[in-house]
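# Coordinate inspection notes
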Amino acid sequence: EERLQAKYRSELSQKDKKIAEISLLLEISQALTGITDTNVVYESVASKLLSHHICDFNCHLQFRENKVVSPLKLFRPDGKTETIEVNQAAWAPFNHLLKTKDFYILEKEGHLDFFSMLSAKIKIGHPKQIVILPIHVSMQNEGVFLLFRAAHLPILKSIMSQMSIALESSKFFENSITDEMTKLFNKRYLMTRILAEFERARRAKEHLSFVIFDVDHFKLFNDKHGHQTGDLVLK
């Protein structure tokens with residue numbers, strides 16, 4: 001009878017754990033639906049991981065090719081965030097993750113310099129291991145999530161997949177409203193935003209200013225110096 005009760009309690013515990021994991025995945029999926037800003041995607045996932053005690057702290061390290069430093073953003077349980085610059089040399093532990101789509105556990109032993117750098121820069125104590133989640137969007141590596149004192153590891157791969165889909169959707173939207181060359185907002189964004197601004201000004205009974213400026217004789221500049229030089233000027 002005792003063995004049967006122990007087995008029953010174990011099965012209940014496993015079922016409760018599965019239900020909690022499915023609930024978290026559903027909650028993350030709902031939170032990411034309709035997001036059009038990649039930064040909000042990262043913030044939403046980081047917040048859910050913390051609120052469900054998947055980890056104590058987490059960071060997003062953004063890869064920047066051909067750059068000396070990369071931004072590392074720390075998300076804390078109290079909702080506060082902190083961004084620091086990490087030297088390119090600190091990327092070394094992640095080089096082999098550029099093509100993988102699974103999480104990886106980085107042990108302190110063998111990477112003492114990296115762990116010491118993190119402890120010194122973001123003041124999170126002295127963790128013995130870090131779970132690394134590589135982020136891939138359209139076959140390109142966007143960086144990694146670093147989870148400190150992580151639990152519930154089996155569901156991390158599903159969370160990574162959800163995040164990648166949300167990032168791909170938000171990047172597609174961002175590309176549709178920005179000019180590819182200058183990275184400025186385009187006419188599609190203008191026509192959407194200006195209606196909202198008119199409505200906001202009407203509700204607040206405030207004046208709304210709209211400024212248009214033009215570059216005089218720009219065609220002559222292109223004719224004289226070439227369109228590639230003209231593009232540099234526009235940028």
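Residues numbered from 1 in each chain as written. Predicted model: local features only at pLDDT ≥ 70, side-chain atom pairs only at ≥ 80, totals over all residues. Heavy atoms only, no water.

Okay, the nonpolar core next. Counting residues in each nonpolar core, the largest one holds 27 residues, and the members touching the most others are Phe145, Ile159 and Met163. Taken together, the elements giving at least two residues each to this core come down to helix H1 (2–32), helix H2 (38–51), strand S5 (129–137), strand S6 (140–148) and helix H4 (156–176). Phe57, Cys59, Ile84 and Ile130 belong to the second-largest nonpolar core, a separate cluster that totals 24 residues. (Core = buried A, V, L, I, M, F, W, Y, C linked by side-chain atoms within 4.5 Å. Buried < 20%, exposed > 50% of the residue type's maximum accessible area, 1.4 Å probe, protein only. Helix = DSSP H or I, 4+ residues; strand = E, 2+ residues; numbered from the N terminus.)

The next subject is a nonpolar patch on the surface. Taken together, the side chains of Leu190, Met191, Phe210 and Ile212 make up a nonpolar region of the molecular surface, amounting to roughly 430 Å² of accessible area. Structurally, leucine 190 is set in helix H5 (residues 187–204). (Patch = residues over 30% accessible without salt bridge, like charges linked within 9 Å, V, L, I, M, F, W, Y side chains within 5 Å. Areas by Shrake-Rupley, 256 points an atom, 1.4 Å probe, with all protein chains shown as cover. Salt bridge = Lys/Arg side-chain N within 4 Å of Asp/Glu carboxyl O.)

Okay, the packing of aromatic side chains next. How two aromatic rings sit relative to each other is set out by the distance from centre to centre and by the angle between their planes. Counted by the stated rule, this structure contains five aromatic pairs. Aromatic pair phenylalanine 75 and phenylalanine 145: ring centres 6.4 Å apart, planes at 40°, arrangement tilted. In this pair, phenylalanine 75 sits in strand S2 (residues 69–75) while phenylalanine 145 sits in strand S6, placing the two residues 70 residues apart along the sequence. Across the pair, exposure class does not vary: phenylalanine 75 and phenylalanine 145 are buried alike. Between phenylalanine 114 and phenylalanine 115, the aromatic rings sit 6.3 Å apart at their centres with planes inclined by 85°, giving edge-to-face as the arrangement. Phenylalanine 115 matches phenylalanine 114 in its accessibility class, with the two residues each being buried. Clustering of aromatic rings is evident, with ring pairs tying together Tyr42, Phe75 and Phe145. (Phe/Tyr/Trp six-rings, centres within 6.5 Å; stacked < 30°, edge-to-face > 60°.)

In this section: the pairing of S2. Among the seven residues in S2, five count as buried, and that is most of the element. Pairing between S2 and strand S3 (residues 81–87): seven bridges, direction antiparallel. Each bridged residue has a counterpart across the sheet, and for serine 70 the counterpart in S3 is valine 86. The antiparallel pairing of S2 with S3 creates a hairpin that spans five residues between the two strands, and glycine 79 there sits at a positive phi of about 90°. (Pairing = 2+ DSSP bridges.)

With that settled, consider the confidence of the model for the protein chain. Model confidence for the protein chain is summarised by a mean pLDDT of 84, while 98% of its residues fall at 70 or above. Across the protein chain, the secondary-structure element scoring lowest on mean pLDDT is helix H3 (residues 112–122), at 81, and the one scoring highest is helix H6 (residues 218–225), at 92. (pLDDT = per-residue confidence, 0-100.)

Turning our attention to the sheet that holds S6. Spatially, the six strands line up as an open sheet ordered S3-S2-S1-S6-S5-S4, and their pairing is antiparallel. Two strands lie at the open edges of the sheet, namely S3 and strand S4 (104–107), each paired on one side alone. For this sheet the average axis-to-axis angle between neighbouring strands, irrespective of direction, equals 25°. The pairing of strand S1 (residues 57–62) with S2 spans four bridges and is classified as antiparallel. Note that in S2 the partner of cysteine 59 across the bridge is leucine 74. The strands that H3 touches are S1, S2, S3, S4, S5 and S6; relative to S3, the one it contacts most, it runs at about 140°. (Axes fitted to C-alpha atoms, helices over the stretch in contact; angles between N-to-C directions. Contact = heavy atoms within 4.5 Å.)

So, about the side chain of serine 119. Its place among the elements puts serine 119 in helix H3. Ignoring anything within four residues of it in the chain, the contact list for serine 119 reads Ile124, Gly125, His126 and Pro127.

The geometry of a pair of packed helices is captured by two quantities: the angle between their axes and the separation between those axes. For the pair H1 and H2, the least separation of the axes is 10 Å and the interaxial angle reads 155°. What the angle tells us is that H1 and H2 run roughly antiparallel. Judged by the sense of rotation from one axis to the other, the crossing of H1 with H2 is right-handed. Along its contact with H1, which presents Leu24, Glu27, Ile28, Ala31 and Leu32, the element H2 presents Val41, Ser44, Val45 and Lys48. Tallied by class, residues from the contact of H1 with H2 come to six nonpolar, one polar and two charged. (Parallel < 35°, antiparallel > 145°, perpendicular 65-115°, else oblique. Left-handed = near helix turned anticlockwise from the far one by under 90°. Nonpolar A, V, L, I, M, F, W, Y, C, P; charged D, E, K, R; others polar.)

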